[in-house]
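An overview of the molecular structure
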Amino acid sequence: AQTVTQSQPEMSVQEAETVTLSCTYDTSENNYYLFWYKQPPSRQMILVIRQEAYKQQNATENRFSVNFQKAAKSFSLKISDSQLGDTAMYFCAMNYGGSQGNLIFGKGTKLSVKP
Amino acid sequence: GAGVSQSPSNKVTEKGKDVELRCDPISGHTALYWYRQSLGQGLEFLIYFQGNSAPDKSGLPSDRFSAERTGGSVSTLTIQRTQQEDSAVYLCASSLGQLIQYTFGSGTRLTVV
């Protein structure tokens, strides 16, 4: 079974500081994709960053980067220079291209950026 | 359209009534997904449409839930005889295919009273 686990229900960080959100997953597939989504109060899920499992290089998008440890099945998100607008729910997700083709989500981490 | 559009944005209904939730995906996206997000939870897969293939309904929680996608575009999620436990945000997403970036709508918040 494919599972995604986020062990931090809530986190907070001071503005301009760096924070890391944890995610672990379990799959027997070799080819899969990992994602971090942001969900602000508007409810819309916004893609933050994406990582292909076959790529060893960690993905980076501006202030957002991941630490992908394939052997450990770990996929953490680092947010640098945190901004007030980063306050949101963050969901880790996996897509292995199975028959469903759907994303499997963790339960999310609520991040609060404090001024 | 430019994004995935869902309507209504909010819906309050009485227990036992039927509701229809609509999703208008991005034009040309062949894949469409429905998810349910209960309070404080992650997203729960409900159903997946891919092109003209038979939909994958394996995530539907009961036979009160059904969905259709007409003409490979707009999709409607129907919940019959609503129960209080159906209260949640229902999110729709579309993509060009599997393993390709999904675009989500803003969801419909359903409240059953």
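See above for the structure.
We now turn to the structure provided with this report.

Basis of the calculations
Residues numbered from 1 in each chain as written. Chains lettered and ligands numbered in written order. Predicted model: local features only at pLDDT ≥ 70, side-chain atom pairs only at ≥ 80, totals over all residues. Heavy atoms only, no water. Contact = heavy atoms within 4.5 Å. Buried area = accessible area lost by both parts, 1.4 Å probe. Salt bridge = Lys/Arg side-chain N within 4 Å of Asp/Glu carboxyl O. Polar contact = N/O pair within 3.5 Å; in protein donor to acceptor, adjacent residues only side chain to side chain. Helix = DSSP H or I, 4+ residues; strand = E, 2+ residues; numbered from the N terminus. Buried < 20%, exposed > 50% of the residue type's maximum accessible area, 1.4 Å probe, protein only. Disulfide = S-S within 2.5 Å. Pairing = 2+ DSSP bridges. Axes fitted to C-alpha atoms, helices over the stretch in contact; angles between N-to-C directions. Core = buried A, V, L, I, M, F, W, Y, C linked by side-chain atoms within 4.5 Å.

**Some points on the interface of chain A and chain B**
With 23 residues of chain A at the contact, the number on the chain B side is 26 residues. Approximately 2000 Å² of surface area, both sides summed, lies buried where chain A meets chain B, with 49% of it carried by carbon and sulfur atoms. Summed over the shared surface of chain A and chain B, the number is zero salt bridges. Counting across the interface, chain A meets chain B through seven residue pairs in polar contact (both at pLDDT 80 or more). Those elements that provide at least two residues to the side of chain A that touches chain B are strand E5 (33-39), strand E6 (46-52) and strand E10 (88-95) of chain A.

**Thoughts on the pattern of salt bridges**
Going through the model one piece at a time under the given rule, you end up with eight salt bridges over all chains. Between B:Arg64 and B:Asp86 there is a salt bridge, and its shortest N-O distance comes to 2.8 Å. You can see B:Arg64 sitting in the loop between strand E5 (43-50) and strand E6 (65-69) and its partner B:Asp86 sitting in the loop between strand E7 (75-79) and strand E8 (88-95), a full 22 residues away along the chain. On the basis of relative accessible area, B:Asp86 is assigned to the buried category, the value being 1%. A single network of salt bridges, built from pairs that share partners, joins A:Arg50, A:Glu52 and A:Lys55.

**Re the state of the cysteines**
A covalent bond between the sulfur atoms of two cysteines is referred to as a disulfide. All chains considered together, the criterion is met by two disulfides over all chains. The residue that forms a disulfide with A:Cys23 is A:Cys92, at a sulfur-sulfur distance of 2.0 Å. The sign of the S-S torsion, about -70 degrees, decides the handedness of the disulfide formed by A:Cys23 and A:Cys92: left-handed. Here A:Cys92 lies in strand E10 and A:Cys23 lies in the loop between strand E3 (19-21) and strand E4 (24-26), a separation of 69 residues in the sequence. A relative accessible area of 2% places A:Cys23 in the buried class. For B:Cys23, the disulfide goes to B:Cys92, at an S-S distance of 1.9 Å. Between B:Cys23 and B:Cys92 the disulfide shows an S-S torsion of about -65 degrees. By sign, it is left-handed. Residue B:Cys23 is found in strand E3 (residues 19-24), and its partner B:Cys92 is found in strand E8; the two are separated by 69 residues along the sequence. Owing to a relative accessible area of 0%, B:Cys23 belongs among the buried residues under this scheme.

**Thoughts on the environment of A:Met45**
Positionally, A:Met45 belongs in the loop between E5 and E6. Linking A:Met45 and A:Tyr90, residues 45 residues apart in sequence, is a C-alpha distance of 9.1 Å. Among residues more than four places away in sequence, those in contact with A:Met45 are A:Tyr37, A:Lys38, A:Gln39, A:Phe91, A:Phe105, B:Leu43, B:Leu91, B:Phe104 and B:Gly105.

**Describing the sheet that holds strand E1 (residues 5-7) of chain B**
Residues and elements named next belong to chain B. Sheet architecture is open: four strands sit in the order E1-E3-E7-E6, paired in antiparallel fashion. Each edge of the open sheet is held by one strand with a lone partner, namely E1 and E6. Each strand of the sheet is rotated relative to its neighbour by a mean of 15 degrees, with strand direction disregarded. Of the pairings in the sheet, the one linking E6 to E7 comprises five bridges and is antiparallel in character. From the neighbouring strand, Arg69 faces E7, where its bridge partner is Ser75.

**Here's the deal with the nonpolar core**
One finds A:Tyr25, A:Tyr32, A:Trp36, A:Phe75, A:Leu77 and A:Tyr90 to be the most contacted residues of the largest nonpolar core, which totals 27 residues. When residues of this core are traced back to their parent elements, those giving at least two are E3, E5, E6, strand E8 (64-69), strand E9 (74-79), E10 and strand E12 (109-114) of chain A. Setting aside residues up to four positions removed in sequence, A:Tyr25 forms contacts with A:Thr3, A:Val4, A:Tyr32, A:Leu34, A:Phe68, A:Gln69, A:Lys70, A:Lys73, A:Ser74, A:Phe75 and A:Met94. Core analysis: the next-biggest nonpolar cluster, separate from the first, contains 20 residues, B:Trp34, B:Phe49, B:Leu77 and B:Ala88 among them.

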